[in-house]
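Chain and residue survey
Listed below, chain by chain, are the residues.
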Amino acid sequence: MVSFTLNGKAVSVDVPDSTPLLWVIREHMKLTGTKFGCGAGLCGACTVHLDGEAQRSCSVPMEAVAGRKVTTLEGLPAGHPVPAAWIEEDVPQCGYCQPGMIMATAAFLAQTPKPTDAQIDEAITNICRCGTYSRIRRAIHRAAGQPSPERRG
């Protein structure tokens, strides 16, 4: 039995310690915002926060989650600036990678509230198959309350 906090609520799940957090979130907790992409921790579609830090949940075994705090897209507070910026900048096309991209960005901005383009490029390594990277960058700047360098006069 592994006990942890999920989106502010204490939960317990009876799964093998090696079970990836991703599958517990999706299959046991029925939260489908966290997506399966590559299964190897490369694409970032499964990004969640583990004690406030962005983690690729497909690569986190449940034994590493015990007693910790997990936040999924569904657990972001209402009115969080990142999802709002995503909508305002019209970021999603297919949308599959966007929950993980939003979660990676929210954790990044908590640590780097006024990022440069270079910091964004270095920190946000999630893959967008639709290639909306320029819109993603603009949305990150918007969420940070900064004008995008592309739009500065």
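Heads up: these notes are all about the structure in this document. (Residues numbered from 1 in each chain as written. Predicted model: local features only at pLDDT ≥ 70, side-chain atom pairs only at ≥ 80, totals over all residues. Heavy atoms only, no water.)

**Some points on the side chain of Asn126**
Tracing the sequence through the fold places Asn126 in the loop between helix 4 (117-123) and helix 5 (133-143). Within the structure, Asn126 has its side chain in polar contact with the side chain of Thr47 (distance 3.4 Å). Looking at Asn126, its side chain comes within polar contact range of the side chain of Arg56, at 3.2 Å. Excluding anything up to four places from it in sequence, Asn126 contacts Cys43, Gly44, Thr47, Arg56, Gly100, Met101, Ala104 and Tyr133. (Helix = DSSP H or I, 4+ residues; strand = E, 2+ residues; numbered from the N terminus. Polar contact = N/O pair within 3.5 Å; in protein donor to acceptor, adjacent residues only side chain to side chain. Contact = heavy atoms within 4.5 Å.)

**Let's talk about helix 2 (residues 81-88)**
Regarding helix 2, the residues found buried are Val82, Ala85 and Trp86. Looking straight down helix 2, one finds its buried side chains confined to an arc of 105°; they lie on one side. In the core, the buried residues of helix 2 are packed alongside helix 3 (98-111) and helix 5. Just downstream of helix 2, Asp90 is the residue with a positive phi angle, here 55°. (Buried < 20%, exposed > 50% of the residue type's maximum accessible area, 1.4 Å probe, protein only. Arc of directions from axis to C-beta.)

**Observations concerning the packing of helix 3 against helix 5**
Where helix 3 meets helix 5, the closest approach of the two axes is 11 Å, and the angle between their N-to-C directions is 40°. When the axes of helix 3 and helix 5 are compared, the pair comes out oblique. Here helix 3 runs over helix 5; the crossing is right-handed. Note on element contacts: helix 5 touches helix 3 through Ile136, Ile140 and Ala143, opposite Gln98, Met101, Thr105, Phe108 and Leu109. Residue composition of the contact of helix 3 with helix 5, by class: 6 nonpolar, 2 polar and no charged. (Axes fitted to C-alpha atoms, helices over the stretch in contact; angles between N-to-C directions. Parallel < 35°, antiparallel > 145°, perpendicular 65-115°, else oblique. Left-handed = near helix turned anticlockwise from the far one by under 90°. Nonpolar A, V, L, I, M, F, W, Y, C, P; charged D, E, K, R; others polar.)

**Some points on the pairing of strand 4 (residues 53-56)**
Bridging between strand 3 (residues 47-50) and strand 4 involves 4 bridges; their strand directions are antiparallel. When the sheet's bridge partners are listed, His49 is paired in strand 4 with Ala54. With antiparallel pairing between neighbouring strands as the criterion, strand 3 and strand 4 make up a hairpin whose turn holds 2 residues, including Asp51 at a positive phi of roughly 50°. (Pairing = 2+ DSSP bridges.)

**A short note on a nonpolar patch on the surface**
Taken together, Trp23, Phe36 and Tyr96 make up a surface patch of nonpolar side chains, about 260 Å² in accessible area. Mapped onto the secondary structure, Trp23 falls in helix 1 (residues 21-28). Here Trp23 falls in the partly exposed class, since its relative accessible area comes to 30%. (Patch = residues over 30% accessible without salt bridge, like charges linked within 9 Å, V, L, I, M, F, W, Y side chains within 5 Å. Areas by Shrake-Rupley, 256 points an atom, 1.4 Å probe, with all protein chains shown as cover. Salt bridge = Lys/Arg side-chain N within 4 Å of Asp/Glu carboxyl O.)

**Regarding the sheet that holds strand 3**
If you walk across this open sheet you meet the 5 strands as 2-1-5-3-4, and the pairing is mixed. Edge strands, defined here as strands with exactly one partner in the open sheet, are strand 2 (9-13) and strand 4. Sheet twist, expressed as the mean angle between neighbouring strand axes with direction ignored, is 40°. Across 2 bridges, strand 1 (residues 2-6) lies against strand 5 (residues 69-71) in parallel orientation. Looking across to strand 5, one finds that Leu6 is bridged to Val70.

**As for the pairing of strand 2**
Where strand 1 meets strand 2, 5 bridges bridge the pair, whose relative direction is antiparallel. Residue pairing in the sheet places Ser3 in a bridge with Ser12 of strand 2. Connecting strand 1 to the antiparallel partner strand 2 that follows it, the hairpin turn spans 2 residues, and Asn7 within it adopts a positive phi of roughly 50°.

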